[in-house]
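Structural overview for review
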Amino acid sequence: MNDSKIIEKYFPQLSEKQKQQFAQLGDLYATWNAQINVISRTDIDNLYEKHILHSLGIAKIVDFKDFTEILDVGTGGGFPGIPLAILFPNCQFHLIDSIGKKIKVVNEVAQALGLENVKAEQTRAEQVEGEYDFIVSRAVTRLLPFYGWVKGKININNYNKLQNGILYLKGGDLKEELKEFGKKTKVYELSNFYEEEFFETKMVVHVPMK
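I will try to describe carefully the structure that is included in this document. The structure presented is a predicted model; accordingly, all values stated were derived computationally and were not measured.

1. Examining unusual backbone geometry
In the segment running from Phe 79 into Pro 80, the intervening peptide bond is cis, with an omega of 10 degrees. Tracing the sequence through the fold places Pro 80 in the loop between strand S1 (69-73) and helix H6 (81-87). Of note, Phe 67 is a non-glycine position whose phi angle comes to about 75 degrees, a positive value. Structurally, Phe 67 can be placed in the loop between helix H5 (57-61) and S1. The backbone of Ala 139 shows a phi angle near 50 degrees, a positive value even though the residue is not glycine. Within the secondary structure layout, Ala 139 lies in the loop between strand S4 (134-138) and helix H8 (143-150). Looking at Ala 139, the relative accessible area reads 41%, which means it is partly exposed.

So, in structure tokens, the structure goes:
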């Protein structure tokens, strides 16, 4: 099922507007990916499962309260930030990537969907100023160097049920990486929420900030 119905299957509470926005993503990414390659050619055929639903795995871990501020580091073509911004229209999302053409795609997609809660910028995590409730990302590097980039950018005042911190989408065997990291983490298996085979090895790692 590689269309927006797979999103409705796991998120049945979507408004008509949200259903429409998710449905638009397929054509938008197909069009932009043909011009600027932000998703591999094989994956564009599995966009809804491998990119959109995967991004929304974070929403299975935390139901962001209105006005939560989220930074998406290394967003690429807009994942996980764009799907999360559709799901949480009253939260603010700052999507960053060091590659300008990827940010162009993010801006075009956000504009086409009318997402006023998305700000996209070509920059590096180390250069971002301000604080956020959560920092999200999809496996841009190992957890230890990633933590070094963002550790000073998380607000210590908790506002959501889940403690503020990093929510990192990862796959595969994480034992060595988490041992190297050496700080408190909680790993959530996405196979507990999704039945598709793709998610059997996929996880969300939560790094709480005290």
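Now that the structure has been shown, the text picks up again.
2. Quick notes on the packing of helix H2 (residues 16-35) against helix H7 (residues 100-113)
Following both chains from N to C, one finds H2 and H7 inclined at 145 degrees, their axes separated by 10 Å at the closest point. Judged by the twist between their axes, the crossing of H2 over H7 is right-handed. Residues Gln 21, Gln 24, Leu 25, Leu 28, Tyr 29 and Trp 32 of H2 lie in contact with H7, whose contacting residues are Lys 104, Val 105, Glu 108, Val 109, Ala 112 and Leu 113. Looking at the contact of H2 with H7, its residues break down into eight nonpolar, two polar and two charged.

3. Brief notes about the pattern of salt bridges
Evaluated as defined, the whole model comprises nine salt bridges. A salt bridge links Glu 195 to Lys 9; the shortest N-O distance between them is 2.8 Å. A residue pair is termed long-range when its members are at least 10 positions apart, and Glu 195 in the loop between strand S6 (186-189) and strand S7 (202-208) and Lys 9 in helix H1 (residues 5-10) qualify at 186 residues. Between Glu 177 and Lys 170 there is a salt bridge whose closest N-O contact spans 2.9 Å. Each member of the pair, Glu 177 together with Lys 170, is buried.

The rules behind each value
Residues numbered from 1 in each chain as written. Predicted model: local features only at pLDDT ≥ 70, side-chain atom pairs only at ≥ 80, totals over all residues. Heavy atoms only, no water. Helix = DSSP H or I, 4+ residues; strand = E, 2+ residues; numbered from the N terminus. Buried < 20%, exposed > 50% of the residue type's maximum accessible area, 1.4 Å probe, protein only. Axes fitted to C-alpha atoms, helices over the stretch in contact; angles between N-to-C directions. Left-handed = near helix turned anticlockwise from the far one by under 90°. Contact = heavy atoms within 4.5 Å. Nonpolar A, V, L, I, M, F, W, Y, C, P; charged D, E, K, R; others polar. Salt bridge = Lys/Arg side-chain N within 4 Å of Asp/Glu carboxyl O.

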